[in-house]
Amino acid sequence: MTVARARLKPGEHGSVSYSMLDDGRIRARARLRLMDGSEAQVSRVGRTRDAARSAVQGAIADRLGAAQGSAELRPTSKVGLACRQWITEMRRRSLWPDPPIRPQSVDEYERVLGNHVVPGLGSLRLHELTPPLCQAWVDEMVAKGKTGQYSMVATIGQAASVFRKVLDRAVVHDAIKDNPMRKVELPRRATPVPRALTPLEVYRLRRAVRDWEDSRRGRPGPAPTGNLRAAVDVMLGTGLRIGEVLALRWGDVDLDAEKPTLTVSGTMVDIKGQGTVRQDVPKSRAGQRTIILPPFTVEALTAIRPAAAATDRPVFMARPFRSPSAELRPQTTHNLRTSLRSALELAGMDGTVHPHLLRATVATFVARRMSIADAGALLGHKVDAGVTVRYYIERLTLAPDTSAVLQTFIELGAAEAREAGLDGTTDDDGDGWEPHSRESAPAEPMTQAWTQSTLDDAGW
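Each chain has its residues counted from 1, running along the sequence as written. Restriction of local features to residues with pLDDT of at least 70 applies here, the model being predicted, together with a cutoff of 80 or more for giving and counting side-chain atom pairs; totals for whole chains, interfaces and linings are based on all residues. With hydrogens and water excluded, all non-hydrogen atoms of the structure serve as input to the side-chain values.

## A word on the environment of Arg-102
Thinking step 1. Mapped onto the secondary structure, Arg-102 falls in the loop between helix H2 (79–93) and helix H3 (103–121).
Thinking step 2. Separated by twelve residues in the primary sequence, Arg-102 and Met-90 have C-alpha atoms spaced 8.9 Å apart.
Thinking step 3. The contact partners of Arg-102, leaving out residues within four places of it in the chain, are Ser-94, Gln-279 and Val-281. Numbering of helices and strands starts at the N terminus; helices are DSSP runs of H or I of at least 4 residues and strands are runs of E of at least 2. Between two residues, a contact is recorded if the distance between any of their heavy atoms is within 4.5 Å.

Next comes the structure, spelled out in structure tokens:
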């Protein structure tokens with residue numbers, strides 16, 4: 001009668017059997033049930049039964065300690081496949097209510113992986129990754145940066161951070177036991193030096209914008225909207241990001257109150273397959289705030305306010321090229337930046353000024369006249385004071401009243417321009433822009449430096 005073999009539990013092995021080889025050595029064998037439920041036969045050879053048994057027991061320990069993988073990802077899966085699965089997973093989570101990650105962030109991660117990780121490491125198997133190999137990948141990017149136009153330090157940090165997340169997921173799926181990227185040394189990023197415009201430079205900035213809009217009056221084509229001038233004054237009066245400015249709706253603005261205000265309730269983002277769209281929440285929860293407006297900002301918004309505007313109508317509306325009844329859409333950040341560059345070129349100031357410099361300028365002046373905490377609250381930065389703030393204190397969404405301080409800033413610039421004989425007009429509320437700091441390099445597109453076959457081979 002045949003006795004059925006006992007069913008092993010995951011991690012268990014059966015009894016060791018022995019057989020004599022022709023050369024006199026002993027072969028030891030044992031059945032092993034792996035942690036995923038599959039069975040394997042472990043066999044080792046020794047000069048004696050004890051040596052063969054010890055070799056089998058060591059092999060069993062190695063098999064149980066090695067990564068087994070999951071139904072989705074295994075140690076033999078390629079790095080490119082692991083990257084693609086992680087992006088797919090992040091895209092699903094970006095659709096959750098109150099998502100932990102935004103769609104535009106997933107787009108950026110996909111670009112970084114496709115440009116820097118997959119071409120260099122994508123065709124390798126996960127079990128082939130080692131700390132020295134990952135370090136060599138980083139070192140190669142550093143060397144490339146030394147001979148190129150950019151240092152690559154920021155790009156390396158971003159690529160390493162995203163790849164680390166991919167491999168953390170591989171650890172969760174037991175495709176690798178340890179994340180080799182956590183043992184890699186990265187180049188140190190230089191500490192940025194904040195740059196702010198002076199009051200006189202801001203005067204020239206506002207003057208240049210007004211002159212550009214005046215130069216377009218009477219020319220063929222659409223009439224000037226005044227959007228650029230108003231957008232610049234909103235940024236200077238609030239410290240808002242350009243995306244937050246263009247996401248404003250007339251329902252967010254109260255110009256008739258005793259203290260006129262503006263509420264930040266969204267931002268403009270670029271999403272793959274959708275283009276530039278309004279996201280109904282700011283960049284962070286701390287970014288949800290109401291700001292008291294200085295008079296010069298109120299004047300700029302009043303100048304472009306329609307006689308009757310629905311609350312959901314964009315403050316800075318894109319032109320309805322198809323028909324006046326076309327869907328009302330906010331102006332895009334790209335469009336506003338293009339107008340800004342045109343204004344700078346006309347004034348002979350084209351160079352390196354970018355809208356984020358206005359945010360730094362506002363923060364610097366408020367911090368010097370009031371406090372760093374007030375500047376942070378105005379900009380919508382997160383204030384972390386531990387459990388007390390997190391769980392017990394209701395967050396104040398009204399930013400500190402900086403309207404008088406920022407009005408003073410604009411008036412100082414006008415006064416300096418008069419003293420220097422630069423105003424050229426009795427209108428002290430002129431527009432102009434002075435370029436000073438280097439604009440951040442635009443996000444690089446998905447490069448085609450490698451062939452489709454390379455991507456396919458990597459599982460990407």
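The rest of the description comes next.
## Some words on the side chain of Glu-213
Thinking step 1. Positionally, Glu-213 belongs in helix H6 (residues 199–215).
Thinking step 2. One buried charged residue, Glu-213, forms no salt bridge at all, with the nearest opposite charge on Arg-217 at 4.9 Å.
Thinking step 3. A polar contact of 3.4 Å, which involves the side chain of Glu-213, links it to the backbone nitrogen of Leu-228. Accessibility here uses a 1.4 Å probe with only protein chains present; expressed as a share of the type maximum, an area under 20% marks a residue as buried, one over 50% as exposed, and anything in between as partly exposed. Here Asp and Glu are counted as negative and Lys and Arg as positive; His is not counted, and neither are the chain ends. Criterion for a salt bridge: a side-chain nitrogen of Lys or Arg within 4 Å of a carboxyl oxygen of Asp or Glu. Polar contacts, as used here, are pairs of N or O atoms within 3.5 Å; protein pairs need one atom able to donate a hydrogen and one able to accept it. Residues neighboring in sequence count only if both atoms are side-chain atoms.

## Quick word on the confidence of the model for the chain
Thinking step 1. Across the chain, the average pLDDT comes to 84, with 85% of residues at or above 70.
Thinking step 2. Per-residue confidence from the predictor is reported as pLDDT, a score between 0 and 100. Within the chain, the lowest mean pLDDT, 36, falls on strand S9 (residues 431–432), and the highest, 97, falls on H2.
Thinking step 3. Below pLDDT 50 for its whole length, residues 387–393 participates in four contacts with residues either more than four positions away or in separate chains.
Thinking step 4. Low confidence marks residues 426–444, where pLDDT is under 50. Its contacts with residues over four positions away, or in another chain, come to 80 contacts.

## Digging into unusual backbone geometry
Thinking step 1. Residue Asp-98 is not a glycine yet carries a positive backbone phi of 45°.
Thinking step 2. With respect to the helices and strands, the residue Asp-98 is situated in the loop between H2 and H3.
Thinking step 3. By relative accessible area, which is 52% here, Asp-98 ends up exposed.
Thinking step 4. Its identity as a non-glycine residue notwithstanding, Asp-174 has a phi of 55°, on the positive side.
Thinking step 5. With respect to the element layout, Asp-174 can be found in the loop between helix H5 (153–172) and H6.

## Overview of the sheet that holds strand S3 (residues 39–46)
Thinking step 1. Paired strands, in this sense, are two strands between which DSSP finds at least two bridges. Here three strands make up an open sheet; going across it, the order is S1-S2-S3 and the pairing antiparallel. On the outer flanks of this sheet lie strand S1 (17–20) and S3, each paired with one strand and no other. When the angles between neighbouring strand axes are averaged without regard to direction, this sheet yields 25°.
Thinking step 2. Inspection of the sheet shows strand S2 (residues 26–33) paired to S3 by eight bridges, in the antiparallel sense. Paired with Leu-32 across the bridge in S3 is Ala-40. Lines are fitted to the C-alpha atoms to define the axes, a helix being fitted only along its stretch in contact, and any angle between axes, read from their N-to-C directions, falls within 0 to 180 degrees.

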